[in-house]
Amino acid sequence: MFDKQERLQGRLEPEIREFRDATHTLVLATVDAEGTPNVSYAPFALREDGYYILISEMARHTRNLLSNPKISLMMVEDEQASRTLFARKRLTFDARPELVTRDTPEWQAGIDALHGRFDDTVIGLSKLEDFHLFRLVPLQGLFVKGFGKAFAVSGDDLVDVLHLTDGHRPAVSA
C-alpha cells in the first residue's frame, strides 16, 4: 500500500502544482452571518503558509469572511482547455481564513507575493483602507482530473491513496 501511495504522490503532486501555478484566480464560496451562501472570485498568490488574496470590504465575500470564517475555494480548468465541460480539472479546498494585520511582516510578504504575480494594481489597492489581506490556509481538499479520477488532497498537497472508487452507477429505470 505504501508503494502505491508513494507512486501516486510522485505522479500527482507535480500535476497538482503545475495546475495550481497556472491558475491565477480562486473561486471563493463564502457564507454570511445568516448562512446565505455567496460565490465570487479573487486573484491569489501562493506562499508556503497559504493562499493570499487582497479583497475589498465593499465586496460581499469580504464582509462574509469578516463575519463568518467558513470558506471553500476552487481552482478550475479554463473552459476552452477542457476536453469535456462535464469533467473539468479542478482543485478544491476547505480553508481557514486568517485576516493579516496591516503593517506587519506577514502583510508585506503577502503584498509582495501578490505584486510579484500580478502588477502595480496590487500596490494601489493595498493602500486603500477598505482592502483587506487574507491568508487562506488549506485544510482538506479534492483534486479531480476527470470522470472517475478524484483524489483526496491534504492542505500541503499530499495526495491520499484514497482514490474515490465507488464510481458512477447507472440509473435504475422506473
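See above for the structure.
Residues numbered from 1 in each chain as written. Predicted model: local features only at pLDDT ≥ 70, side-chain atom pairs only at ≥ 80, totals over all residues. Heavy atoms only, no water.

## Notes on the side chain of Thr-30
Counting through the fold element by element, Thr-30 comes out in strand 1 (residues 25-31). Residue Thr-30 is classed as buried on the basis of its relative accessible area of 1%. Only 2.8 Å separates the side chain of Thr-30 from the side chain of Asn-64, close enough to count as a polar contact. When near neighbours in sequence (up to four residues on either side) are disregarded, Thr-30 contacts Thr-36, Pro-37, Asn-38, His-61, Asn-64, Leu-65, Lys-70 and Ile-71. (Helix = DSSP H or I, 4+ residues; strand = E, 2+ residues; numbered from the N terminus. Buried < 20%, exposed > 50% of the residue type's maximum accessible area, 1.4 Å probe, protein only. Polar contact = N/O pair within 3.5 Å; in protein donor to acceptor, adjacent residues only side chain to side chain. Contact = heavy atoms within 4.5 Å.)

## Side note on the nonpolar core
Counting residues in hydrophobic clusters, the biggest one holds 22 residues, and the most contacted among them are Leu-26, Ile-53, Leu-91 and Leu-136. Where this core is concerned, the elements lending two or more residues are helix 1 (2-22), strand 1, strand 4 (50-56), strand 5 (71-76), strand 6 (90-100), strand 7 (131-146) and strand 8 (149-154). With residues near it in sequence (within four places) discarded, Leu-91 still touches Ile-16, Phe-19, Arg-20, Tyr-51, Leu-73, Met-74, Met-75, Leu-142, Phe-143 and Val-153. Residues Ile-111, Leu-114, Phe-131 and Leu-133 belong to the second largest nonpolar core, which totals 10 residues. (Core = buried A, V, L, I, M, F, W, Y, C linked by side-chain atoms within 4.5 Å.)

## Considerations on the packing of aromatic side chains
Overall, the coordinates contain three aromatic pairs when judged by the stated rule. With a centroid separation of 6.2 Å and an interplanar angle of 55°, the aromatic rings of Phe-19 and Phe-143 are classed as tilted. Taken as a pair, Phe-19 in helix 1 and Phe-143 in strand 7 lie far apart in primary sequence, 124 residues in all. Phe-143 carries the same exposure label as Phe-19, and that label is buried. On the basis of an interplanar angle of 45° and a centroid distance of 6.4 Å, the ring pair of Tyr-51 and Phe-93 is categorised as tilted. (Phe/Tyr/Trp six-rings, centres within 6.5 Å; stacked < 30°, edge-to-face > 60°.)

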